[in-house]
Amino acid sequence: MDLQKMKQTQFTILRNEPLTAEVWRMTLEGDAAAVSGIRPGQFVELQLPGLFLRRPISVCDAYDRLLIIIYKVVGKGTAAMAAMQAGMQLDVLTHLGNGYDLSLAGDHPLLVGGGVGVPPMYMLAKQLREQGKDVNVVLGFNTQSEVFSEEDFRALGCEVSVTTVDGSYGTKGFVTNALPAYSSYYYACGPLPMLRALAKAVSHDGELSMEERMGCGFGACMGCSIQTVNGPKRVCKDGPVFKASELKL
Amino acid sequence: MKTRLSNIELKNPVIPASGTYGFGEEFAQVYDLNILGGISFKGTTREARYGNALPRIAECGGYGMINAVGLQNPGVEHVVAHELPRLRELYKGVVIANVSGFSIDDYVFTSQLMDQAPEVDIIEVNISCPNVHNGGMAFGTSPEAAAEVTRAVKAATRKPIYMKLSPNVTDIVSIAKACEEAGADGLCLINTMLGMRIDIRRRQPIIANRYGGYSGPGIFPIALRMVNQVARATSLPIIGCGGISSAEDVVEMMMAGASAVEIGAANLINPTICKDIIEALPDVMAANRIEHLSEIIGVVN
């Protein structure tokens, strides 16, 4: 895969809007060079006021001069982000992590996102659709009020299924209750129990995006190293995307 | 901006600290490493280590962070065979090998291989890692043990030996003096301070290892004080380390008694911080009427 070097630049917030009670979408504008070449599954790191460590956030979409991220308010960092207004500047590290390998998609790729694991699936779906693939998307949420992005995937021409744990919307249960009969390869991002269940439910290999508390986010501190069948790997630099067969799930 | 450590000249006093810089590869994406005064690479042990369970990292507000990585490294033989030649391609300047161990034998074994490695200029002996059990810091918390490691490593090597000291002690001066008497060529201080954070929602420590090393701007005044205490009590060259994040901090640390400085946690949040500091240093020197950095080393003493 052709990975670009990380870049540290200033972005300006164009929009920052809630999609559900806890999930927000931020649209940032920066230098074209800081956006160009970002791959689906890569992430960025934001420097936030009052916090020491940068906050890693997956990329939902990136084109021209725009960077779109969708984040859930879970702690101080993401709460600070939700309070930010259009026009504010943010120091952002881009081109972090490896991203998904699109060359392995086959003819019928399956994309699975759980909760705030949904956003990185968007850019992946967009690029796979541009390659003319038949893309199946399964999105898992807890309940109807937490559902977001469903229409965005439909607009790309994907086959979309939604599951909710309480059955208030779509198929009742987990993403594994709505998997298509056939898929050539899969790509997923979401909570670890979902990734485990998915890897068990699908007979072929796929790629999973892992999440860990990070120090630097670019491979220097060894703060996020996991044990894989190929030895220790840094989630931030060697990942966050790993083949399911490489992980000790 | 030149300075010296033992008989080795550094083009400037700025050295990225071990454990925050890997083997330089990541930072070479954002600047030419050859501007650096030196590089202290990832702490190396005799055997390969995965390190501690996750999470290993905790946020500490604007003041810094806690880490409990636990000396993850591929082992000294791999480092010498693979990492050092790669580092040499990226960086032609002064290389500091940070070594750690769980016994005197470990320290001697690892230091000897570093002594023989042509890429290594200085060996920094870490007797202060707070994140591994029965090792690291155990050797840095008593003057006798610190002296024993120093003597053993000195007897087995020819390159300058710098002992990296722990702040998690009641009297750092007695440990520094013990290292000096045992033949150390220099000192590096401070390593991280043992700290803790608790996730109040889960009622659990954030760090899987429970405690970890606190670093970042919050420890700078403590590091400065300890460097000053040690500078007044010994005549060894000192690499000052702990929370440095600006060219002003570098000048302050040198005024306290350091001959060079290491930049740690700041690298993790701003990958170009060492370059930024090196570029800002001439202006800070000029603004404070400093012609040569050698004028200010320990000037407050």
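Here the structure is a predicted model, which means the values were calculated and not measured. (Residues numbered from 1 in each chain as written. Chains lettered and ligands numbered in written order. Predicted model: local features only at pLDDT ≥ 70, side-chain atom pairs only at ≥ 80, totals over all residues. Heavy atoms only, no water.)

Visitor: Which parts of the structure should I look at to understand the overall build of chain A?
Guide: When helices and strands are counted, chain A shows five helices and 16 strands. Its C-alpha radius of gyration of 17 Å places chain A within 12% of the 18 Å reference for a compact globule of 249 residues. Seen through its principal axes, chain A has C-alpha atoms that stretch 45 × 40 × 35 Å. The buried share of chain A, taken over its 249 residues, is 55%. Sequence-distant contacts in chain A: of pairs separated by 6 or more residues, those separated by 24 or more amount to 63%. Carbon and sulfur atoms make up 49% of the accessible area of chain A, which totals about 9,900 Å². Charge-centre separation for chain A: the mean point of 23 positive side chains lies 6 Å from the mean point of 25 negative side chains. (Helix = DSSP H or I, 4+ residues; strand = E, 2+ residues; numbered from the N terminus. Rg over C-alpha atoms; globule rule 2.2 N^0.38 Å. Buried < 20%, exposed > 50% of the residue type's maximum accessible area, 1.4 Å probe, protein only. Contact = heavy atoms within 4.5 Å. Areas by Shrake-Rupley, 256 points an atom, 1.4 Å probe, with all protein chains shown as cover. Lys, Arg positive; Asp, Glu negative; His and termini not counted. Charge placed at Lys NZ, Arg CZ, Asp CG, Glu CD.)

Visitor: Sorry if this is basic, but what is going on with unusual backbone geometry here?
Guide: Leaving glycine aside, a negative phi is the common case for residues, and trans is the common case for peptide bonds. In this structure, Pro 55 of chain B follows Leu 54 of chain B across a cis peptide bond, with omega equal to 0°. Mapped onto the secondary structure, Pro 55 of chain B falls in the loop between strand S4 (38-40) and strand S5 (57-60). Cis geometry marks the peptide bond from Leu 189 of chain B to Ile 190 of chain B; its omega dihedral reads 10°. Of note, Ile 190 of chain B is situated in the loop between strand S10 (186-189) and strand S11 (193-195). Of note, the phi angle at Met 222 of chain A is positive, near 65°, even though the residue is not glycine. Take Met 222 of chain A: it is sitting in the loop between strand S13 (206-209) and strand S14 (225-228). The exposure class assigned to Met 222 of chain A is buried, which follows from its relative accessible area of 16%. Unlike most non-glycine residues, Arg 210 of chain B shows phi in positive territory, near 75°. Its place among the elements puts Arg 210 of chain B in the loop between strand S13 (204-205) and strand S14 (212-215). For Arg 210 of chain B, a relative accessible area of 42% corresponds to the partly exposed category.

Visitor: I'm lost on the pattern of salt bridges in this one. Help?
Guide: Where charged atoms from two side chains of opposite charge come close, those side chains can pair. Under the defined criterion, the tally for this structure stands at 22 salt bridges over all chains. In this structure, Glu 151 of chain A and Arg 154 of chain A form a salt bridge, with 3.7 Å as the shortest nitrogen-oxygen distance. With Glu 151 of chain A and Arg 154 of chain A both in helix H4 (residues 150-155), this residue pair falls three residues apart, about one helical turn. The partner of Arg 86 of chain B in a salt bridge is Glu 25 of chain B, and the shortest N-O contact between them spans 3.4 Å. Of this pair, Arg 86 of chain B sits in helix H1 (residues 76-90) while Glu 25 of chain B sits in the loop between strand S3 (14-16) and S4; the two residues are 61 residues apart in sequence, bridging distant segments of the chain. What makes Arg 86 of chain B partly exposed here is its relative accessible area of 42%. Where salt bridges share partners, they join Arg 234, Lys 237 and Asp 238 of chain A together with Glu 26 of chain B into one cluster. (Salt bridge = Lys/Arg side-chain N within 4 Å of Asp/Glu carboxyl O.)

Visitor: I tried to follow the packing of aromatic side chains on my own but got confused; where do I start?
Guide: Two descriptors summarise a pair of aromatic rings, namely the distance from one centre to the other and the angle between the planes of the rings. For the coordinates displayed, the defined rule picks out eight aromatic pairs over all chains. For the ring pair Phe 218 of chain A and Phe 27 of chain B, a centre distance of 5.3 Å and an interplane angle of 85° mean the geometry is edge-to-face. Here the residue Phe 218 of chain A occupies a position in the loop between S13 and S14, and Phe 27 of chain B occupies one in the loop between S3 and S4, the pair thus bridging two chains. Residue class for Phe 218 of chain A comes out buried when judged on its relative accessible area of 3%. Clustering of aromatic rings is evident, with ring pairs tying together Tyr 100, Tyr 185 and Tyr 187 of chain A. Seen from the ring of Phe 109 of chain B, Arg 46 of chain B lies directly overhead, with NZ or CZ sitting 4.0 Å from the centre. (Phe/Tyr/Trp six-rings, centres within 6.5 Å; stacked < 30°, edge-to-face > 60°. Lys NZ or Arg CZ within 6 Å of the ring centre and 35° of its normal.)

Visitor: How should the state of the cysteines be read in this particular structure?
Guide: Working definition of a disulfide: a covalent bond connecting the sulfur atoms of two cysteines. On inspection of all chains with the given rule, the structure shows zero disulfides over all chains. Cys 189 of chain A provides the cysteine sulfur closest to Cys 60 of chain A, a residue in no disulfide bond, and the two sulfurs are 11 Å apart. In this model Cys 60 of chain B remains outside any disulfide bridge; the closest cysteine sulfur is found in Cys 221 of chain A, 14 Å from its own. Cys 60 of chain B sits in the buried class, given a relative accessible area of 8%. (Disulfide = S-S within 2.5 Å.)

Visitor: What am I meant to see in the environment of Gln 72 of chain B here?
Guide: Position of Gln 72 of chain B relative to the elements: it lies in the loop between strand S6 (64-67) and H1. For Gln 72 of chain B and Gly 19 of chain B, which are 53 residues apart along the polypeptide, the C-alpha to C-alpha distance reads 9.2 Å. Sequence-distant contacts of Gln 72 of chain B, that is, excluding residues within four places in its chain, are made with Met 222, Ser 225 and Pro 232 of chain A together with Lys 42, Arg 49, Tyr 50, Gly 51 and Arg 56 of chain B. Separated by 2.8 Å, the side chains of Gln 72 of chain B and Arg 56 of chain B make a polar contact. (Polar contact = N/O pair within 3.5 Å; in protein donor to acceptor, adjacent residues only side chain to side chain.)

Visitor: What is the right way to look at the side chain of Lys 164 of chain B in this model?
Guide: Along the polypeptide, Lys 164 of chain B turns up in strand S9 (residues 161-164). Ignoring any residue separated from it by four or fewer positions in sequence, one finds Lys 164 of chain B in contact with Asn 98, Glu 124, Val 125, Asn 126, Ile 127, Ser 128, Cys 188, Ile 190, Asn 191, Cys 241 and Glu 262 of chain B.

Treat this as a map of the structure, not an account of what it does.
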